[in-house]
Amino acid sequence: MSEREFDVILWGATGYTGRPAALYLQRQYGSRLRWAIAGRDLDKLQALKAEIGDPQLAVFVVPGADRAAADEIAARTRVIASTVAPGARYATEMVEACLAHGTHMADLCGELHWLRQMMDEHDATAQANHVKIVNCCGLDSIPSEYLVHRLQQVAHEQFGEYCSQIRNCFSHGRIAVSGGSFASGKGVMEAVATDPAMSEMIANPYSLNPRDQLSGPHCPDLEQLEYDEDFAQWIMPFPLGQINARVVRRSHALLGSPWGRDFTYMEAKLAGNGVVNRCKAQLETRLTQLFVEADPTTRKGRLLHALGPKEGSGPSDRQMAKNGPCGFQAIGVTPSGRKLKGWMQTHWDPGHGGTAAMLVDAAYCLAKRQDEIESETGRTGGYLTPYLAMGEVLREQLETHAGIHWGVELP
């Protein structure tokens, strides 16, 4: 890789997460990285290049699901950073190109059915070729995974034991859903509606674990509003909690289950107290369930999904700024009953600006800090979670450059 023309090529650079990622990349690393942008629309790419203000910035037209175009850029860079969605529709060829050319890849995809398929088909090749394929490098699932690992580190340091139970809640911030993200969700729903086996797989809390570890202690996704004594308020289902929890469990499994075979993790969203907040949470939960449970192969399902954001639509810069700051709160409990409180917080909005910064910093670490990472983790390739792929190096990068912070409070 030392002879590659670029360190990072940002694919999907003109989208509602891609553009903030490109601007952040230029502002934060423009003089320290050899980078380029790629996407399917040359006019939009040229407009973004003008906005960035670098006349030397290379531009590549790379449509989705085009293996020849994917090969061209994968062979020229150390890392592909992808914001392209849905992954199942557009990104399989890019994964295969990265594996063929020994190129690391960081993306934002949380499509369970596609991730499971890609892991099964390509994890062994990724390990053999020393290629890191790292999904979920945004709001899903970096804040959650790193918060859990931080809680466990402190629990072991202070009490000599790990938490056997962690509950984590999205605490504040507004998530604006772009058309691409909504299309990703629809893709999962379509897979569930057309394949009973896929439905069973996605319902399994351990569905992203290695194939020989697809079961564990009872820890279903939260499906309805409930009162939590430790948080002292109502908690409600969190749409991203499903993928975040499975990433945390995969991370634990690939580490050899150091937190114990009985470790459980649940993710939700804080809903506040009082009758008004309870009613608002119940309404939001029901509306979300209507979308998730609607069969996209039926007329009713298609009509309902037509109400969602269209591909190519998303929040404005002003809306993104108003949607932050954001954060998580977590409570861990050890086998002896000791409790810890953890938190993650940042000034970014949760949906696009923060996710863009996380993806770019992940790509930077993969491109420029591999020696440190491999010295810490010992991992050179595979289908990895963000923590397993980059360890504490990424946490340091995010805290120093992106203003994303994690902490733990002892009782």
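Every residue gets a number counted from 1 within its own chain, in the order that chain's sequence is written. Residue-level local features of this predicted model are given only where pLDDT is at least 70; pairs of side-chain atoms are given and counted only at 80 or more, and the full residue set underlies all totals for whole chains, interfaces and linings. Neither water nor hydrogens contribute to the side-chain values; these are computed over all heavy atoms in the structure.

Student: Tell me about the overall build of the chain, and please be specific about residues and values.
Tutor: Note on conventions: DSSP H or I runs of at least 4 residues are helices, E runs of at least 2 residues are strands, and numbering of each starts at the N terminus. Helix and strand counts for the chain come out as 16 helices and 14 strands. What you see for the chain is a C-alpha radius of gyration of 20 Å, in line with the 22 Å of a compact globule of 411 residues. Viewed in the frame of its principal axes, the chain has a C-alpha envelope of about 55 × 55 × 40 Å. In this scheme, a residue with accessible area under 20% of its type's maximum is buried, one over 50% is exposed, and one in between is partly exposed, where area comes from a 1.4 Å probe on protein chains only. In the chain, buried positions account for 55% of the 411 residues. For the chain, the share of sequence-separated contacts (at least 6 apart) that also reach a separation of at least 24 residues comes to 77%. Counted as positive: Lys and Arg. Counted as negative: Asp and Glu. His and the chain ends are not counted at all. Lys charges are placed at NZ, Arg charges at CZ, Asp charges at CG and Glu charges at CD. Here the chain contributes 40 positive and 48 negative side-chain charges, whose respective centroids are spaced 5 Å apart. Both definitions apply: the radius of gyration is a C-alpha atom measure, and the globule rule equals 2.2 Å times residues to the power 0.38. Only heavy atoms matter for contacts: two residues are in contact if any of them lie within 4.5 Å across the pair.

Student: Mind laying out the pattern of salt bridges, listing which residues take part and the relevant values?
Tutor: Salt bridge, as used here, is a side-chain nitrogen of Lys or Arg placed within 4 Å of a carboxyl oxygen of Asp or Glu. Evaluation of the coordinates by the stated rule reveals 18 salt bridges. Notably, a salt bridge pairs aspartate 221 with arginine 246, separated by 3.0 Å at the nearest N-O pair. You can see aspartate 221 sitting in the loop between helix 9 (196-203) and strand 8 (226-228) and its partner arginine 246 sitting in helix 10 (residues 241-254), a full 25 residues away along the chain. Between glutamate 396 and arginine 369 there is a salt bridge; the shortest N-O distance is 3.3 Å. Separated by 27 residues along the polypeptide, glutamate 396 in helix 16 (residues 386-402) and arginine 369 in the loop between helix 14 (353-368) and helix 15 (370-377) bring together distant segments of the chain. Glutamate 396 sits in the partly exposed class, given a relative accessible area of 42%. Arginine 369 sits in the buried class, given a relative accessible area of 10%. Within the structure, one salt-bridge network assembled from shared partners comprises Arg167, Asp228, Asp230 and Lys339.

Student: Break down the sheet that holds strand 12 (residues 339-346) for me, with residues and values.
Tutor: Only strands joined by at least two bridges in the DSSP assignment are considered to pair. Here we have seven strands laid out as an open sheet, ordered 8-9-10-7-11-12-14, and mixed in their pairing. Of all strands in the sheet, those bounded by a partner on one side alone are strand 8 and strand 14 (404-409). Between one strand and the next, the sheet's axes are offset by a mean angle of 30 degrees, whatever the strand orientation. One ladder, built from six bridges, connects strand 12 with strand 14; its direction is antiparallel. Its bridge partner being in strand 14, lysine 341 is matched across the sheet by glutamate 409. The axes are straight lines fitted to the C-alpha atoms, using for helices just the contacting stretch, and the angles between their N-to-C directions are given from 0 to 180°. In the packing of helix 16 onto the sheet, contacts are made with strand 12 and strand 14, and the angle to strand 14 comes to roughly 115 degrees.

Student: Which residues make up the packing of aromatic side chains, and what values go with them?
Tutor: Working definition: a ring pair exists when centres of Phe, Tyr or Trp rings (six-membered ring for Trp) sit within 6.5 Å. Plane angles under 30 degrees give stacked, over 60 give edge-to-face, the rest tilted. Tallying each qualifying case throughout the model produces eleven aromatic pairs. Aromatic side chains tyrosine 24 and tryptophan 348 sit 5.9 Å apart centroid to centroid with 75 degrees between the ring planes, which places their arrangement in the edge-to-face category. Of this pair, tyrosine 24 sits in helix 1 (residues 18-29) while tryptophan 348 is found in the loop between strand 12 and helix 14, placing the two residues 324 residues apart along the sequence. Accessibility assignment for this pair places tyrosine 24 and tryptophan 348 in one class, buried. With a centroid separation of 5.4 Å and 75 degrees between ring planes, the pair formed by phenylalanine 170 and phenylalanine 328 is classed as edge-to-face. Placement of phenylalanine 170 in strand 7 (residues 165-172) and of phenylalanine 328 in strand 11 (residues 326-333) is noted, with a sequence separation of 158 residues between them. Taken together, the ring pairs in this structure connect Tyr24, Tyr29, Trp348 and Tyr364 into an aromatic cluster. Sitting over the ring of tyrosine 90, arginine 40 keeps its end group 5.9 Å from the ring centre. We call a charge positioned over a ring when the NZ of a Lys or the CZ of an Arg lies within 6 Å of the ring centre and within 35 degrees of the ring normal.

Student: Any details on the packing of helix 6 (residues 112-128) against helix 10? Residues and values, ideally.
Tutor: Pairs of packed helices are described in terms of their axes, by the angle between the two and the distance that separates them. Helix 10 packs onto helix 6 with a crossing angle of 25 degrees between their chain directions and a minimal axis gap of 11 Å. By the angle class used here, helix 6 and helix 10 are roughly parallel. On the side of helix 6, the interface is formed by Leu112, Leu115, Met119 and Asp123, while helix 10 contributes Gln242, Ile243, Arg246 and Arg250. For this classification, Asp, Glu, Lys and Arg are treated as charged, while Ala, Val, Leu, Ile, Met, Phe, Trp, Tyr, Cys and Pro are nonpolar and the rest, including Gly, are polar. The residue inventory of the contact of helix 6 with helix 10, partitioned by class, reads four nonpolar, one polar and three charged. Here the word oblique covers every angle except those under 35 degrees (roughly parallel), over 145 (roughly antiparallel) and from 65 to 115 (roughly perpendicular).

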